[in-house]
Amino acid sequence: MLLDILAYTVSFANFLQFIHFTMSSLEEPLGLDKLPSMNTVDRIQRFSSGACRPREDNFGMGICFIEGRSCSTSNSCDEDNEEYTAETYPWKRHTRDIAQCRTFSQKTMTKGRNSMKFGMIDDSLSDFHSSPRGNSKDIPHSTHKFLSSIPSYVKIVEVGPRDGLQNEKNTVPTAVKIELIHRLASCGLSVIEATSFVSPKWVPQLADAKDVMQGVHGLEGIRLPVLTPNLRGFDAAIAAGAREVAVFASASESFSKSNINCNIEESLVRYRAVTRAAKELSIPVRGYVSCVIGCPVEGPIPPSKVAYVAKELYDMGCFEISLGDTIGVGTPGTVVPMLLAVMAVVPTEKLAVHFHDTYGQSLSNILVSLQMGISTVDSSIAGLGGCPYAKGASGNVATEDVVYMLNGLGVKTNTDLGKLMSVGDFISKQLGRPSGSKTAVALSQVTAEASKI
Amino acid sequence: MITIKGMQRGRFLNPIPQLVTGLSSSAAASSCDAMDTANQLQSLHSRYPEYTRDSTKATEHRSAFNKYNIRGLSQCLNWPKRFNDNSHPASYLVNHHFTSDRNTDAKDFSSKLLKGIPDFVKIVEVGPRDGLQNEKSIVPTDVKVELIKLLVSSGLSVVEATSFVSPKWVPQLADAKDVLEGIQDVEGVSFPVLTPNLKGFEAAVAAGAKEVAVFPAASESFSKANLNSGIEDNLARCRDIASASRSYSIPVRGYISCVVGCPFEGHVAPAKVAYVAKALYEMGCSEISLGDTIGVGTPGNVSSVCCHVCFFSYIGFDCSGAVCTVVPMLEAVLDVVPVDKLAVHFHDTYGQALSNTIISLQMGISVVDSSVSGLGGCPYAKGATGNVATEDVVYMLDGIGVKTNVDLGKLMQAGDFICKHLGRASNSRAATALSKVKAHASKL
């Protein structure tokens, strides 16, 4: 009898250990009645050399594979992991999730979780959650070093209404611009470059800057920077109600001369005047550096020049410096040295990257920039804005593509991809041409197909 | 003499400012001493206590920033010593397109991000098969042969020539035998051909094929839909082909489709991909190519995702938060197959191919499949792009300093040739941009 009890206890202990193993890898306690059966795949995964590594995702996939449902063991936004350094009350994370993650898929996840018969999340089982959730960042695996330095939140600066539309051949009506900005605001974007107060002689497409500013006056909680090349433009912007301005210098002398009609030093002098005036009015100033990799006239640009211009802009008071690969020639091999040079003189959190997709390189450039710690990315809805130096080639990277990648990386953007796509659709229809975003094109084709099923 | 800590190859004879390597806290080589860096920065700051606003001192002030140039970066990146050597600045762009010469040190210096990338990446060109098989109109045999020859002349060492499948299924490749005949005199290049079954294999060997390829799927439903049989049956067939090819000493390349996402099943478990990869490896495949057939993959890691809208959730598929990411899939496969036997075959349907490729390279993969001009659309999102364009991949690899032995200019000629024949624009952004720049430069 005693032996029986002992045997039972031992086997139960083993059983509990098994459960512990599964739970510590799965994070949520399994109901005792819901142990997965092992099929070939799981058996191999379980007993192959990689099995001992706590890769909860694979185990999770195994269960779902059996039950025919895809699920992820991850249940929280990265931001929660950042905040919970000491996992005292990990189960509270779940309620935080529901409050904070406000997308469609999160709702599905919650619903899914409730419908899965995994047993109730019990306070007493919180011990199993004790380690900071088997976050990829904590798993000492060689590949994670490439993803661990990626910020958990990336701010997307939408430049479509300005950088995108300023290159359009036909002037876009003011009402459309205002509508575009309103729709972009509803997608969750927090910064939208509204327009530019440059002389209409130079950029006729943005001659209606004042009217656009009037039209978006009511937008709350969204930052709407406007470009101001000089004090006159700055005054006009303030008069029109702008609350944030931007200045743009070039790392290339020749490009500076051809684009803004003065060399780098002269432009910096002008911008010092603008930033001084802005400081008096407590208006934040964003700085752009163009041609950070290459110039259409000069060729490759030394990282030192970019660092110099960036430091100048930072010192004169710009709160953020956006590094623009104007002609899109950058690749990770040239972007990394440039970023290293700039990061030597300007703090990383003050930097943004503004890549062009002219050579199809923008997303890989953005990925390495994120790996280096950059957490602000400029992009344009539907890839609006061509390349002025290679007519017919693409220009700005498409916001939809960037958000698709960031979603896949697990980076929070607070933007809704579905809504972004409908905005991209709207402006593409207005301009009468297909979207420049591959994600948008693919997803719209897929939905068209799916609707036929 | 300042030396760079952590430099593996001591090719530098002159000191390089350690500042450059040690600076970024997140990206610097871990072996660089942070204290050293801070001290050096401090000394720099003390030497230049305030940046003058006077423009007359600008040059002097700006030269202080030369510290941030690496000695020899200009040589690294193939920049001319004297820019005036080139008569047309724009032509510089076309000829050099911001390449890095691998033999110098852009990679050593830059950071661990680029350090792990292989020195040499083999490009497997799949345009003539994977690209052309999706064309609506049949491409004549002589055009196919000409395309293959042009591709070979650009330096590609592996070009997937054709496929021995039933003409009922893939009418565009019915002339497989003739294509192989047309290229039989080309030396030094591998021409793998697809063989779905033993019959196809026999036909391929009879036609003179010297390398074959098999293509199971990691998703049961895709396997049934695409190949008319489940995964296990398919693998059994592959084993037959592998053992037959062993007797002929013909190498077999394995492809796995739907490695991250399937149009029917949604997310595909990394474990399944590892299972199929292991099976292919054990049956003797010389290389295993992991294909993201519908292009939904992103360079992320499953466990770090929460809020997203992926392709599947967007169309109402209840994926409950799972995403299709490349890293867990690669990790799972790397557990069971050595990295030098792996290749990646990404589709650019969602524009993610190059970022997926760079993360794969960072993880040590050194073979990339691509298609000239991005030939080959996506069968599941009509009108969307498919294969990643070889020109874009080569442009990126050149820029990072990875050897490919592929000449981008000649590659563009091959792309130009086939696009003219097909009567449409190239899907390669690099090729489009470079051709526009060239056109513009010629007007100067």
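Computed from a predicted structure; not experimentally measured.

(A) Representation of the overall build of chain B within the structure. When helices and strands are counted, chain B shows 20 helices and eleven strands. Out of the 444 residues in chain B, the part that is buried amounts to 61%. Contacts in chain B between residues at least 24 apart in sequence constitute 72% of all its contacts with a sequence separation of at least 6.

(B) Representation of the overall build of chain A. Looking only at helices and strands, one finds 19 helices and eleven strands in chain A. Across the 453 residues in chain A, those meeting the buried criterion constitute 61%. Summed over its atoms, the accessible surface of chain A is roughly 17,300 Å², and 57% of this surface lies on carbon and sulfur atoms.

(C) Examining the pairing of strand S1 (residues 155-158) of chain A more closely. All names here are of chain A. Burial along S1 is two-sided: the face carrying Lys155 and Val157 and the face carrying Ile156 and Glu158 are both buried. Sheet analysis places S1 next to strand S11 (residues 376-379), joined by four bridges and oriented parallel. Each bridged residue has a counterpart across the sheet, and for Val157 the counterpart in S11 is Asp378. The pairing of S1 with strand S2 (residues 191-192) spans two bridges and is classified as parallel. If you follow Val157 over to S2, its bridge partner there is Val191.

(D) Structural view of the state of the cysteines. All names here are of chain A. The final tally for this structure, using the stated rule, is zero disulfides over all chains. Not part of a disulfide, Cys262 finds its nearest cysteine sulfur in Cys291, a span of 14 Å. The class of Cys262 is buried, set by a relative accessible area of 3%. Cys318 takes part in no disulfide bond, and the closest cysteine sulfur to it belongs to Cys262, at a distance of 15 Å. With a relative accessible area of 3%, Cys318 lands in the buried category.

(E) How the structure looks around the packing of aromatic side chains. Scanning the model with the defined rule gives three aromatic pairs over all chains in all. Their ring planes at 20° and their centres at 4.9 Å tell us that Tyr404 of chain A and Tyr350 of chain B sit as a pair that is stacked. Within this pair, whereas Tyr404 of chain A is found in helix H17 (residues 399-409), its partner Tyr350 of chain B is found in the loop between strand S10 (342-346) and helix H17 (353-362), the two belonging to separate chains. Its relative accessible area of 1% is what places Tyr350 of chain B among the buried residues. Centroid distance Phe201 of chain B to Tyr248 of chain B: 5.9 Å. Interplanar angle 65°. Geometry classified as edge-to-face. In this pair, Phe201 of chain B is assigned in helix H11 (residues 198-206) and Tyr248 of chain B in helix H13 (residues 231-248), connecting sequence segments 47 residues apart. Using a relative accessible area of 0% as the deciding quantity, one classes Phe201 of chain B as buried. Overall, the relative accessible area of 43% leaves Tyr248 of chain B in the partly exposed class. If you follow Arg162 of chain A out to its NZ or CZ, it ends over the ring of Tyr288 of chain A, 6.0 Å from the centre. For the cation-ring pair, Arg253 of chain B lies above Tyr255 of chain B, with the distance from its terminal atom to the ring centre recorded as 5.0 Å.

(F) A look at the pattern of salt bridges. Counted under the stated rule, the structure contains 22 salt bridges over all chains. A salt bridge links Glu168 of chain A to Arg433 of chain A; the nearest nitrogen and oxygen atoms lie 2.7 Å apart. Residue Glu168 of chain A is located in the loop between helix H8 (160-164) and helix H9 (174-185), and its partner Arg433 of chain A is located in the loop between helix H18 (417-431) and helix H19 (438-452); the two are separated by 265 residues in the primary sequence. Judged by relative accessible area, which is 10%, Glu168 of chain A ranks as buried. Across the pair Lys420 of chain B and Asp416 of chain B runs a salt bridge, and its minimum N-O distance is 3.2 Å. Remark: Asp416 of chain B and Lys420 of chain B occur in helix H19 (residues 408-422); sequence separation between them is four residues, near one turn of the helix.

(G) Seen up close, the side chain of Glu287 of chain B. Residues and elements named next belong to chain B. By the secondary structure assignment, Glu287 is in strand S9 (residues 287-292). Under the relative-accessibility criterion, Glu287 is labelled buried at 7%. What Glu287 contacts, discounting residues up to four positions off in sequence, is Lys122, Val124, Val252, Arg253, Gly254, Lys341, Ala343 and Val367.

(H) Region of interest: the packing of helix H13 (residues 264-280) of chain A against helix H14 (residues 303-315) of chain A. All names here are of chain A. Where H13 meets H14, the axes come as close as 10 Å, and the angle between the chain directions of the two elements is 20°. Here H13 is positioned roughly parallel relative to H14, judged by the angle of their axes. When you trace H13 past H14, the crossing you get is right-handed. Residues Ile264, Glu265, Leu268, Tyr271 and Arg272 of H13 touch H14, and the partners they reach there are Lys305, Tyr308, Val309, Glu312 and Leu313.

(I) Local environment of the confidence of the model for chain A. Summing up the model confidence of chain A, the mean pLDDT is 76 and the portion of residues at 70 or higher is 65%. Note on residues 18-142 of chain A: pLDDT under 50 across the span, and 206 contacts to partners over four residues away in sequence or across chains.

Parameters and conventions
- Residues numbered from 1 in each chain as written.
- Chains lettered and ligands numbered in written order.
- Predicted model: local features only at pLDDT ≥ 70, side-chain atom pairs only at ≥ 80, totals over all residues.
- Heavy atoms only, no water.
- Helix = DSSP H or I, 4+ residues; strand = E, 2+ residues; numbered from the N terminus.
- Buried < 20%, exposed > 50% of the residue type's maximum accessible area, 1.4 Å probe, protein only.
- Contact = heavy atoms within 4.5 Å.
- Areas by Shrake-Rupley, 256 points an atom, 1.4 Å probe, with all protein chains shown as cover.
- Pairing = 2+ DSSP bridges.
- Disulfide = S-S within 2.5 Å.
- Phe/Tyr/Trp six-rings, centres within 6.5 Å; stacked < 30°, edge-to-face > 60°.
- Lys NZ or Arg CZ within 6 Å of the ring centre and 35° of its normal.
- Salt bridge = Lys/Arg side-chain N within 4 Å of Asp/Glu carboxyl O.
- Axes fitted to C-alpha atoms, helices over the stretch in contact; angles between N-to-C directions.
- Parallel < 35°, antiparallel > 145°, perpendicular 65-115°, else oblique.
- Left-handed = near helix turned anticlockwise from the far one by under 90°.
- pLDDT = per-residue confidence, 0-100.

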